[in-house]
Amino acid sequence: MKSLSMTLLLCIVQLAAFSQNKYHLLVITGGHGFEKVPFYNMMDSLGNFTYDQLEQPKANELIASSEVGRYDALVFYDMNDSITPAQKQAYLHLLQKGKAMVFLHHSLVSYQNWDDFLRIIGGKYYEKATMVNGSPVKSSYQHDVIIPVKVENPAHPVTKGLTDFEIYDEVYGNFLTQPTIGPLLSTTHPGSSKYIAWTNPYGRSEVLFIQLGHGPEAFGNSNYRKLLRQGIEWSIKRHR
Ligand SMILES: [Zn+2]
């Protein structure tokens, strides 16, 4: 009887230890300023994650090394253009195998001259006027606006439990999206392109992109936090 209760106790202890196992993230920044304290307060509030922070170009060095295997997901909040051919291959290789990658906000502006990046993230913000299919395209941004957000796919694990909401944030306008994206959120804000969150397949991976997330108002928005928590969790489970 004593040994049975001891076994039971051990099981409970093991179960408690297991439930405390957190997912480990690499949070990648650099190339664009942001308010660090409220950003990391938000990351700390998500609960089920531990994370390392790394700025570019150091993050791309890590991504091209075996160290990347230590992370359950890569969360990009960078705006970076510096990448070597070997590092590009590392991204492609990881995505071909299946790696959780979540891209936020100004990461859409990264790698203006790397065509594969458009196919990875599922869209492109054009910093300079560029001819696309015979027409010039130049993207835009507008800070400090109230954005009406529509949940396009309420059945998806990333948006589950969310209903249409408003957020004080920054819009991007006139950016392009790939036909491959699976829309999750949209907006009718006149300064914005229609879809503002989506999944996009690449190799054996499915990348998640969320355009929202400029500053403290967004970081503190409970809908944004829920979106981020569910988004990262979905991405990790999807690539296990
Ligand atoms: Zn911004």
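Residues numbered from 1 in each chain as written. Predicted model: local features only at pLDDT ≥ 70, side-chain atom pairs only at ≥ 80, totals over all residues.

(A) Examining the environment of lysine 99 more closely. You can see lysine 99 is positioned in the loop between helix H4 (85-97) and strand E4 (101-104). Spatially, the C-alpha atom of lysine 99 lies 18 Å from that of glutamine 53, the residues being 46 residues apart in sequence. Excluding residues that lie within four positions of it along the chain, lysine 99 makes contacts with Leu74, Leu94, Ser205 and His239. (Helix = DSSP H or I, 4+ residues; strand = E, 2+ residues; numbered from the N terminus. Contact = placed C-beta atoms within 7 Å.)

(B) Region of interest: the environment of leucine 108. Looking at where leucine 108 falls in the secondary structure, it is placed in the loop between E4 and helix H5 (115-121). Of the residues examined, leucine 108 has 22 C-beta atoms within 10 Å and is grouped as buried. Residues within four places of leucine 108 in sequence aside, it is in contact with Phe103, Ile121, Gly123, Tyr125, Tyr172, Phe175, Phe209 and Gln211. (Buried ≥ 20, exposed ≤ 12 C-beta atoms within 10 Å, placed from the backbone.)

(C) Structural context of the nonpolar core. Formed by 61 residues in total, the largest nonpolar core has its most connected members in Leu25, Leu74, Val75, Phe76, Val102, Phe103 and Phe209. Sequence-distant contacts of phenylalanine 76, defined by excluding residues within four places in its chain, comprise Ile28, Met101, Val102, Phe103, Leu104 and Ser107. (Core = buried A, V, L, I, M, F, W, Y, C linked by C-beta atoms within 7 Å.)

(D) Layout of the sheet that holds strand E13 (residues 205-210). Strand order across the open sheet formed by nine strands is E2-E1-E3-E4-E13-E12-E11-E8-E9, with mixed pairing between neighbours. Looking at the sheet topology across the chains shown, the edges are occupied by strand E2 (49-55) and strand E9 (165-173). Across the sheet, the mean angle from the axis of one strand to that of its neighbour is 30 degrees, orientation sign disregarded. (Pairing = 2+ DSSP bridges. Axes fitted to C-alpha atoms, helices over the stretch in contact; angles between N-to-C directions.)

(E) Representation of unusual backbone geometry within the structure. Of note, the amide linkage connecting glutamine 56 to proline 57 takes the cis form, showing an omega dihedral of 5 degrees. Assignment of secondary structure puts proline 57 in the loop between E2 and helix H3 (58-63).

(F) Representation of the pairing of strand E1 (residues 23-29) in the model. The buried count for E1 comes to five of seven residues, which makes it a mostly enclosed element. Here seven bridges tie E1 to E2, and the two strands are oriented parallel to one another. Residue pairing in the sheet places leucine 26 in a bridge with aspartate 52 of E2. For E1 and strand E3 (residues 73-76), the ladder comprises four bridges, and the chain directions are parallel. Directly across from isoleucine 28, in E3, lies its bridge partner phenylalanine 76.

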